[in-house]
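One-letter residues, chain by chain:
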Amino acid sequence: MRKGTAAYKRATLAMLAVGLAIFMTLYSTQALLPSFVSDLGITPTEAAWTVSATTGALAICVVPASILSERFGRGRVLIISALLATAIGLLLPFAQDATQLILLRALQGVMVSGTPAVAMAWLSEEIDSEDLPGAMGLYIAGTTVGGLFGRFIPAGLLEFTNWRGALAGTAVIAFIFAIVMALLLPKQKNFTPKSISPKTELYAMAGHLKNPRLVSLFLIAFFAMGTFVSMYNFLGFRLIDDFGLAPALVGFVFIMYLSGTWSSAQAGNMIKHFGRGRVVLVGAVLMFVGLLLCAAGNIWITMLGLLIFTASFFAIHSTASGWVGQIATKNRAEASSLYTFCYYLGSSAIGGSTGWIFERLPWGGFVATLSGILAIVLVIATALALSERRDQKSVHHSL
């Protein structure tokens, strides 16, 4: 599909809708963590598991879901995944305690798993390579707006209802977006079903793990996403306890996601001018700077840091996810699923475990811990940028 055609418009709108639906679903509890602590009598770390259980289940199931898409088609898996995941969201308000809520969120993660990696594979197969960065950027933009809505809407609803009503309102909107996606998504024309066998799939994934650039991108996804989710999981407690903001007002902080919407949509243009490696490296540097600013005792400096931190993260993610599809010319679904596996494993493992640090260290110590994790991303991004530059010089000399 080429940009400007009716099919391209339908495809990008469908991907925008599924990004909204799934990421509203995925992070619908994050803005409500302080409410869970006060209403359910649990700790901040336990409350954070309403997010980590979903992303962890997604990480575990994303590879099997991707394998199923090789046999039954990306579009079918996308539609079933989005509709079932958002439908389960309608049950969340009826959870009687934290355990039931976490288990339902884990089940949502299982159903959500069919969307992220398959969506990227669908785009890589159906969109012309010249227009792919823009289409991928629009999909990532949809995920950022979905992430914003998934936090902003329930937080706003807290002004009028409790956490149950907030989750109910969010779930209804996400379900509507899933239906829109199912109606708009064009049928695939470049998909060829293949027989499924554990041996061939493991061989395909093992082949990707032998590629240093792919492994580097997988590691960046793990550590960058883990740092990002950790900050957003626990910043709300900082804003309430240290800066005295009301819980409903804290939800407005998630409007920072709009900076990610802008940066992910712009990533395609930046790649054309500077190359993928340089975009990832500059994004990592700026993300690190933003993180350090979040340690400030001044709320306005903290917000500036969060703005830079968020925009930089989504520029990295948009670039890295599209880069995976370009490097993996074969078995793209497996490559995308491995990237997504690492991405959400980082969200669950790091995003959940850093709660232990948050409860035991002052805010400065918590930020210092995240800085150490993000330093790993900086090192890997530097190596990738240098590798890409060497390849460009090699091509130039050969010409």
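Residues numbered from 1 in each chain as written. Predicted model: local features only at pLDDT ≥ 70, side-chain atom pairs only at ≥ 80, totals over all residues. Heavy atoms only, no water.

1. Some words on the packing of helix H12 (residues 257-274) against helix H13 (residues 276-293)
Packing of H12 against H13 leaves a shortest axis separation of 7 Å and a crossing angle of 120°. With respect to their mutual orientation, H12 and H13 come out oblique. Taken together, the residues of H13 that come into contact with H12 (itself represented by Met270, Ile271 and Phe274) are Arg276, Arg278 and Val279. (Axes fitted to C-alpha atoms, helices over the stretch in contact; angles between N-to-C directions. Helix = DSSP H or I, 4+ residues; strand = E, 2+ residues; numbered from the N terminus. Parallel < 35°, antiparallel > 145°, perpendicular 65-115°, else oblique. Contact = heavy atoms within 4.5 Å.)

2. So, the environment of Phe152
Looking at the secondary structure, you find Phe152 in helix H7 (residues 132-157). Looking at Phe152, the relative accessible area reads 28%, which means it is partly exposed. Spatially, the C-alpha atom of Phe152 lies 9.2 Å from that of Ala248, the residues being 96 residues apart in sequence. Setting aside its immediate chain neighbours within four residues, Phe152 contacts Gly251 and Phe252. (Buried < 20%, exposed > 50% of the residue type's maximum accessible area, 1.4 Å probe, protein only.)

3. Things to note about the pattern of salt bridges
For the structure shown, the criterion picks out three salt bridges. Among the ionic pairs, Arg238 bridges to Asp242, the shortest N-O distance being 2.9 Å. For Arg238, a relative accessible area of 10% puts it in the buried group. The salt bridge involving Glu359 is made with Arg360; its shortest N-O contact spans 3.8 Å. Judged by relative accessible area, Glu359 falls into the partly exposed class, the value being 36%. (Salt bridge = Lys/Arg side-chain N within 4 Å of Asp/Glu carboxyl O.)

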